Amino acid sequence: MYGTAELHPAAHMARLGTESAFEVLARAEALKRQGKDIINLGIGQPDFKTPPHIVEAAAKALRDGHHGYTPAAGIPQLREAVAAYIQRQHGVAVEPERVLIMPGGKVTMFFAILMFGEAGAEIMYPNPGFPIYESVIKFSGATPVPIALLEKTGFAFDAETVLGQITPATRLIILNSPANPTGGVVPKAEIEKLVKGLARHPHVAVMSDEIYHRLLFDGREHATLFKYPELADRLIVLDGWSKTYAMTGWRLGWSVWPKSLVAGAERLAINCHSCVNASAQYAGIAALEGPQDSVEVMRTAFAERRRIIVDGLNALPGVRCVEPGGAFYAFPNIGGTGKDARTLQDRFLTQAGVATIAGTAFGAHGEGYLRFSYANSAENIREALRRIGLALA
Ligand SMILES: Cc1ncc(COP(=O)(O)O)c(C=O)c1O
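Predicted model, so just to flag it, every value in this text is computed and none were measured.

Student: Now, about the site of the ligand: what can you tell me, with residues and values included?
Tutor: The environment of the ligand is made up of 14 residues, and the closest members are Gly105, Asp209, Tyr212, Ser242 and Lys243. With respect to the ligand, the backbone of Gly105 contributes an N or O atom lying 2.7 Å from an oxygen atom. In the model, an oxygen atom of the ligand is placed 2.7 Å from a nitrogen or oxygen of the Tyr212 side chain. Compared with its free state, where it exposes 390 Å², the ligand has 93% of that area covered by protein. Partitioning the shell around the ligand into residue classes produces five nonpolar, five polar and four charged.

Student: Let's hear about the packing of aromatic side chains: which residues, and what values?
Tutor: Here the structure, examined in full by the defined rule, presents 14 aromatic pairs. A ring pair is formed by Phe302 and Tyr374, whose centres lie 6.5 Å apart and whose planes are at 70°; its orientation type is edge-to-face. Here Phe302, found in helix H10 (residues 293-314), pairs with Tyr374, found in the loop between strand S12 (370-373) and helix H12 (378-392); they are 72 residues apart in sequence, far enough to count as distant. Centroid distance Phe331 to Phe362: 6.4 Å. Interplanar angle 80°. Geometry classified as edge-to-face. Of this pair, Phe331 sits in the loop between strand S9 (329-330) and helix H11 (341-352) while Phe362 sits in the loop between strand S11 (357-358) and S12, and the two are 31 residues apart along the sequence. In this pair, the class of Phe331 matches that of Phe362, namely buried.

Student: Explain the sheet that holds S9 to me, using residue names and the numbers behind them.
Tutor: The strand order S9-S12-S11 describes an open sheet built from three strands, whose pairing is antiparallel. Lying at the two open borders of the sheet, with one neighbouring strand each, are S9 and S11. Bridging between S9 and S12 involves two bridges; their strand directions are antiparallel. The partner of Ala330 across the bridge, within S12, is Phe372. Set on the sheet, H11 makes contact with S11 and S12; between it and S12 the angle comes to about 40°.

Student: Kindly report on the sheet that holds strand S8 (residues 253-256), identifying the contributing residues and their values.
Tutor: The strand order across the open sheet formed by seven strands is S2-S8-S7-S6-S5-S3-S4, and the pairing between neighbours is mixed. Both outer strands of the open sheet, strand S2 (99-102) and strand S4 (143-148), are each paired with one neighbouring strand and no more. Shown here is a sheet whose adjacent strand axes are inclined to one another by a mean of 20°, direction ignored. Pairing geometry for strand S3 (residues 122-127) and S4, over six bridges, is parallel. Bridged to Asn127 within S4 is Ala148.

Rules and cut-offs
- Residues numbered from 1 in each chain as written.
- Predicted model: local features only at pLDDT ≥ 70, side-chain atom pairs only at ≥ 80, totals over all residues.
- Heavy atoms only, no water.
- Near = heavy atom within 4 Å.
- Polar contact = N/O pair within 3.5 Å; in protein donor to acceptor, adjacent residues only side chain to side chain.
- Areas by Shrake-Rupley, 256 points an atom, 1.4 Å probe, with all protein chains shown as cover.
- Nonpolar A, V, L, I, M, F, W, Y, C, P; charged D, E, K, R; others polar.
- Phe/Tyr/Trp six-rings, centres within 6.5 Å; stacked < 30°, edge-to-face > 60°.
- Helix = DSSP H or I, 4+ residues; strand = E, 2+ residues; numbered from the N terminus.
- Buried < 20%, exposed > 50% of the residue type's maximum accessible area, 1.4 Å probe, protein only.
- Pairing = 2+ DSSP bridges.
- Contact = heavy atoms within 4.5 Å.
- Axes fitted to C-alpha atoms, helices over the stretch in contact; angles between N-to-C directions.

Laid out in structure tokens, this is it:
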């Protein structure tokens, strides 16, 4: 007879966090199954379909027999297509050998953090920020050092503060603009100051998460870290197809690594996932090389919805929302309602049937805020605002 198992998972498992958006999604789906009418402003994914020419490229790849493993770093045509895209988009030449194809944007952050994180190391990350940064930093054994992002600066970091937090133990600084969960965009001048200051700290690497780089509003231009050749030997850029081409479920991303780190990242890929789904990689080529009008169609729709949600939130009692410059999130201050973020998240879901995410899911500096993803129809956003208004009355 077997007794009850007595297992001993490694201590780092207790340090691994999560992404609440997936938990809220599960709760929202469960409520839907009970017949409740739920509007989901929780999950951060475009509510558009992947453009048909991209889907067709994947189907063709399967019909053509691309069923096997590919090189771990990605098929050469796709790595070249990414390098050409970076040249077109950012005006910067990147060797295809430094481009790695990843199963989504997330895997790049996992690898970059594991590459630098260990006990005694410090890693800086935006807070509030994408929750996986802090989670994986803790998992790696490194000390997470938050870069506090404040409403009064439109949730952009202040370069002096970031530079002032660097110690001899700092290994990596994570940046994200346009940002999740705030929609904040870091002004170019601040990035320039940071890059200049980093000259004094050659032991510090930078991972720039630019996954929302095509989602900017009011004529803003993306300030990419690629623009600084002096940083190229310590810069990792995370990007991908998920948000730009409505491809979150395809699990396809890319990253650019300094020459000295490419082999290590590729080895992590071989140990982890072998290679990315072959047909998705062909879809990735079609996305980058095909017509780009769908990107602008989505961006325009998001811009309209941003107007509706920001104005609507600002009209609610106790709620104040700064204008997000990019991505598809609004991050209103809910301090005036007298409720904390988690209480409001639960009340909106259960009483109003509106899924949102408490700011605390994005770090301690998110208390007093809620994240609304406006990747939903204008009609649903209006209805969600109406219901939330009633729940706050
Ligand atoms: C800032 C940020 N980086 C990376 C990702 C991960 O993207 P992917 O779905 O391609 O893994 C997300 C997804 O929400 C994100 O918000």
